[in-house]
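# Inside the fold
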There are 2 protein chains.
Amino acid sequence: MFEARLLKASLLKKILEPIKDLVDSANFDCSPVGISLQAMDSTHVTLITLLLRSDGFDSYNCDRSLSLGLSLVSLNKILKCAGNDDFLTIKARDEADTVTFVFESPKSDRISDFEVKLLELKNDQYNIRDSDYSAVVKMPSAELQRICRDLSIMGENVTITANKEGVKFSVSGDSGSGNITVRPTTDTEADLATTIESKEPVVLSFALKFLSNFTKATPLSPTVKLTISETDPIVIEYKIDDIGYLRFFLAPKMD
Amino acid sequence: MFEARLLKASLLKKILEPIKDLVDSANFDCSPVGISLQAMDSTHVTLITLLLRSDGFDSYNCDRSLSLGLSLVSLNKILKCAGNDDFLTIKARDEADTVTFVFESPKSDRISDFEVKLLELKNDQYNIRDSDYSAVVKMPSAELQRICRDLSIMGENVTITANKEGVKFSVSGDSGSGNITVRPTTDTEADLATTIESKEPVVLSFALKFLSNFTKATPLSPTVKLTISETDPIVIEYKIDDIGYLRFFLAPKMD
DNA sequence: GTTCCAGTTA
DNA sequence: TAACTGGAAC
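Owing to the predicted nature of the structure, the values given are computational and were not obtained by experimental measurement. (Residues numbered from 1 in each chain as written. Chains lettered and ligands numbered in written order. Predicted model: local features only at pLDDT ≥ 70, side-chain atom pairs only at ≥ 80, totals over all residues. Heavy atoms only, no water.)

In this section: the layout of surface pockets. Of the voids in this model, the largest pocket is the one considered here, and its volume is about 540 Å³. Taken together, 26 residues form the lining of the largest pocket, with Glu143(A), Ser105(B), Lys107(B), Asp109(B) and Arg110(B) sitting closest to its centre. In terms of residue count, the dominant contributor to the lining of the largest pocket is helix α3 (residues 141–152) of chain A (3 residues). Classifying every residue of the lining of the largest pocket by side-chain character gives 10 nonpolar, 7 polar and 9 charged. (1 Å grid on protein atoms, 1.4 Å probe; cavity = no way out; pocket = protein on both sides within 12 Å on 5 of 7 lines; lining within 4 Å. Points joined across faces, edges and corners; volume = space filled by probe spheres on them. Helix = DSSP H or I, 4+ residues; strand = E, 2+ residues; numbered from the N terminus. Nonpolar A, V, L, I, M, F, W, Y, C, P; charged D, E, K, R; others polar.)

Structure below.
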């Protein structure tokens, strides 16, 4: 028997938002540790990983690990049926071929439950090695979102140049070119500080389309962490309050 | 080399707002005197002139005059990438076929630059003679904006009747007709005073569509000056704080 | 292309 | 606080 309860159904909504356009269906792997997900988009360009630790749930019971294969389209439809502040309980019986989502309004005057058929998805586990980063940038997530939106007006690819002094996002297109440079903030105590740990300068290009999509995760966290490495995909991480993270891996564009 | 710096990128945003819907592209003529622009709308009904004197800039360097032909659509897109309080530096090298717009956040933790390709536009210079006015009206710009908006609900043309006693804006349409009369204020020392210099009574009609568009310049100045003449287009002038003006010329409708 | 939502401004 | 505008979703 698996049963997990969240006080905010909207959290799952926010998680689905940036991934539903990239991935049709995915396994939610439930274990005593928590719920995790690994999925690649249909074009196999980006990898998405999600972790929701068991201790971050309002209650969490998982006797045996199980994989809940779900259509994200269906899941998203179901989540649209949740009220803004509804509680969410996810239930699955061992060996069952369905999972149940129960929404409760805070005043308990409205309870809905949706039972969804599980999909048999093959469980690809991707080996993610801890990359030897060239630069790690922490910055306000809204700023990254703004940068992606602004640069999108001029072109389809962004070149990220990171060194100790700052991170430069560059785009070029038919009508011209643009660069946005972010420098580390000096008041490091601020929650929204921009910080850069740079081991070595690095220059890489990425498809703005994907980055813009990732930034739909902005509501999950006020800050975002970019881990940039010459040899590995860039990692865009949104911490999720007290419970885990959502990470996006994107391979650079080769010239 | 041309380089001009404004402490408020938003000033250029406000200037673009009323002209971008009238003109697709225009030459920004840069000289030691400042930046000027003359452009007619695509239907050749209105003429727009802009002057930004060099001494109104935070810094201004212009060795040789040059014309920067810009797509106002592109320029407007770029200005959308500026932060609210960003500084703006405009740079162009002599003989270059691009111009660069540099935005700096006040704390300098974010610098963006956009390089735009210049367009080869023919440089029509329009002969604007100082018209022998029948009436010159100075009034609060917000009031003119309100009048144009209000009258637009009833018809497409406004008839302006000006004499020493006041200025009457009249509209008539299928659902009825309306008149708004503005009289000179008696406390002439007020900044927002309405004043009328009238040489002779004058009655002229104009398309409200254009007038309404011009009043998008309202954020540029608390007051607006209307120069009305029986023989020339009406001139709607918005002074721009310490740096210049934006003027709109509109030919009257003939009955 | 149309509608909905959010941010911004008056 | 309300209207408007711009951006995003369907």
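On to the state of the cysteines. Residues and elements named next belong to chain B. If you walk through the whole model with that rule in mind, you get 0 disulfides over all chains. We note that Cys-62 lacks a disulfide partner, and the nearest cysteine sulfur, in Cys-30, lies 6.2 Å from it. Overall, Cys-62 belongs to the buried group, its relative accessible area being 12%. (Disulfide = S-S within 2.5 Å. Buried < 20%, exposed > 50% of the residue type's maximum accessible area, 1.4 Å probe, protein only.)

Under the present numbering, the feature "domain: Proliferating cell nuclear antigen PCNA N-terminal" (unreviewed entry) in UniProt falls on residues 1–125 of chain A. Between the C-alpha atoms that bound residues 1–125 of chain A the distance is 24 Å, and the span itself is 15% helix and 46% strand. (UniProt positions renumbered as here; feature names shortened; annotations may be inferred.)

Let us now look at the interface of chain B and chain A. A common measure of how large an interface is: the accessible area buried when the components associate. Of the residues lining the interface, 16 residues belong to chain B; the matching set on chain A comes to 19 residues. Summed over both sides, the interface between chain B and chain A buries roughly 1400 Å², with carbon and sulfur atoms accounting for 46% of that surface. On the surface where chain B and chain A come into contact, there are 1 salt bridge. Between Glu143(A) and Arg110(B) there is a salt bridge, with its nearest N and O atoms 3.2 Å apart. (Contact = heavy atoms within 4.5 Å. Buried area = accessible area lost by both parts, 1.4 Å probe. Salt bridge = Lys/Arg side-chain N within 4 Å of Asp/Glu carboxyl O.)

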